[in-house]
Amino acid sequence: MLNAYQTKRLMAVAGLVFFAYLLLHMLANLNFLTGADNFNGFYRWFNEAVILRWSIITLLILSILLHTITAIARQFDVNSKRHIPYKKSYPKAIPRLIAWSGAGLLFAFIVGHFVQMQLLETRDFYAEISTIFNNPIMLALYALGFASLSAHLHHALGNVGQTFGLSHKQHHGLVLLIIFILIGGFAAVPISIYL
Ligand code: HEM
């Protein structure tokens, strides 16, 4: 059986795998700003690299399941583990209902986005993505997804250093910068459509 510290590390590692994918995904999406040929060219290559693509998708599904199941298990266990000496206790800082609602919203966004992307019929992703963001409801749902991702990362990246032995204050500015770059990069796609 893993102890509370080991499960926290496991959760952090699984979260960091997904986070690494998000950085690459955001960078790949910036191709959108350079026009349809580049964007479609990248995704055509990615979809033809079947083994690479499905290895990444499998890794993402495993990491998100591990992260979520560990988080839920830790929550069930939390009452008997209150003595764990974290410098900052997140349940006191953020009410649990809000934290879990935010995490649930992010999970729903990721599943919804994944399914939506798999259902796109044509291989002209540029046109498909433009159509999606021209729909105000979709735009609002993605804005909600970006907001829940920002909030989740703010909490998670703030605490991940702590899990691996760094102080929260040491890297708070860095955390904000990372979130700004990541979310700004994702948001650049819909923003470019409206400019
Ligand atoms: C403007 C923002 C975004 C755009 C334009 C976008 C676009 C795409 C596209 C075109 C795909 C399909 C890839 C394929 O089938 O080959 C995809 C897949 C995916 N996206 Fe996004 N995405 C955005 C934001 C996000 C965010 C914020 C997350 C997570 C929080 C995310 C997670 C994923 C995942 C998990 C997949 C499935 C893996 C894959 O097929 O590569 N995306 N996205």
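In this report, we go over the structure that sits alongside the text. As the structure is a prediction and not an experimental result, all values here were calculated from the model.

1. Focus on the environment of A71
You can see A71 is positioned in helix α3 (residues 50–77). Put simply, A71 and W100 are 29 residues apart on the chain and 9.9 Å apart in space, counted from C-alpha to C-alpha. If we skip the residues at most four places from it in the chain, A71 touches M11 and W100.

2. A few points about a nonpolar patch on the surface
A surface patch of nonpolar side chains, about 890 Å² in accessible area, is lined by V50, W54, I61, L65, I69, F107, V111, F114, V115 and L119. Elements with a minimum of two residues in the nonpolar patch: α3 and α5 (96–119). With respect to the helices and strands, the residue L119 is situated in helix α5. Residue classification places L119 among the exposed residues on the basis of a relative accessible area of 62%.

3. Section: the packing of helix α1 (residues 4–29) against helix α2 (residues 36–48)
Taken N-terminus to C-terminus, the directions of α1 and α2 make an angle of 135 degrees; their axes are 10 Å apart at the nearest point. In terms of axis orientation, α1 runs oblique to α2. Of α2, the residues touching α1 (which contributes H25, A28 and N29) are F39, F42 and Y43. Of the residues that constitute the contact of α1 with α2, the class distribution is four nonpolar, two polar and no charged.

4. Focus on the packing of α3 against α5
Where α3 meets α5, the axes come as close as 13 Å, and the angle between the chain directions of the two elements is 160 degrees. Relative to α5, α3 is oriented roughly antiparallel. Considering only the axes of α3 and α5, their crossing is left-handed. Where α3 approaches α5, its residues R53, I57, I64, T68, A71, I72 and Q75 are matched on the opposing element by R96, W100, F107, I110, F114 and Q118.

5. A look at the coordination of the iron atom of the ligand
Taken together, the protein ligands of the iron atom of the ligand are H25 (NE2) and H113 (NE2), with distances of 2.0 Å. One can describe the site at the iron atom of the ligand as octahedral: its six donor atoms subtend angles covering 88 to 179 degrees at the metal. Note that H25 is positioned in helix α1 and H113 in helix α5, a separation of 88 residues in sequence.

Parameters at a glance
- Residues numbered from 1 in each chain as written.
- Predicted model: local features only at pLDDT ≥ 70, side-chain atom pairs only at ≥ 80, totals over all residues.
- Heavy atoms only, no water.
- Helix = DSSP H or I, 4+ residues; strand = E, 2+ residues; numbered from the N terminus.
- Contact = heavy atoms within 4.5 Å.
- Patch = residues over 30% accessible without salt bridge, like charges linked within 9 Å, V, L, I, M, F, W, Y side chains within 5 Å.
- Areas by Shrake-Rupley, 256 points an atom, 1.4 Å probe, with all protein chains shown as cover.
- Salt bridge = Lys/Arg side-chain N within 4 Å of Asp/Glu carboxyl O.
- Buried < 20%, exposed > 50% of the residue type's maximum accessible area, 1.4 Å probe, protein only.
- Axes fitted to C-alpha atoms, helices over the stretch in contact; angles between N-to-C directions.
- Parallel < 35°, antiparallel > 145°, perpendicular 65-115°, else oblique.
- Nonpolar A, V, L, I, M, F, W, Y, C, P; charged D, E, K, R; others polar.
- Left-handed = near helix turned anticlockwise from the far one by under 90°.
- Donors = N, O, S within 2.8 Å, 3.2 Å for Na, K, Ca; no water.
- Tetrahedral: all angles 85-135°; square planar, octahedral: opposite > 155°, others 65-115°.

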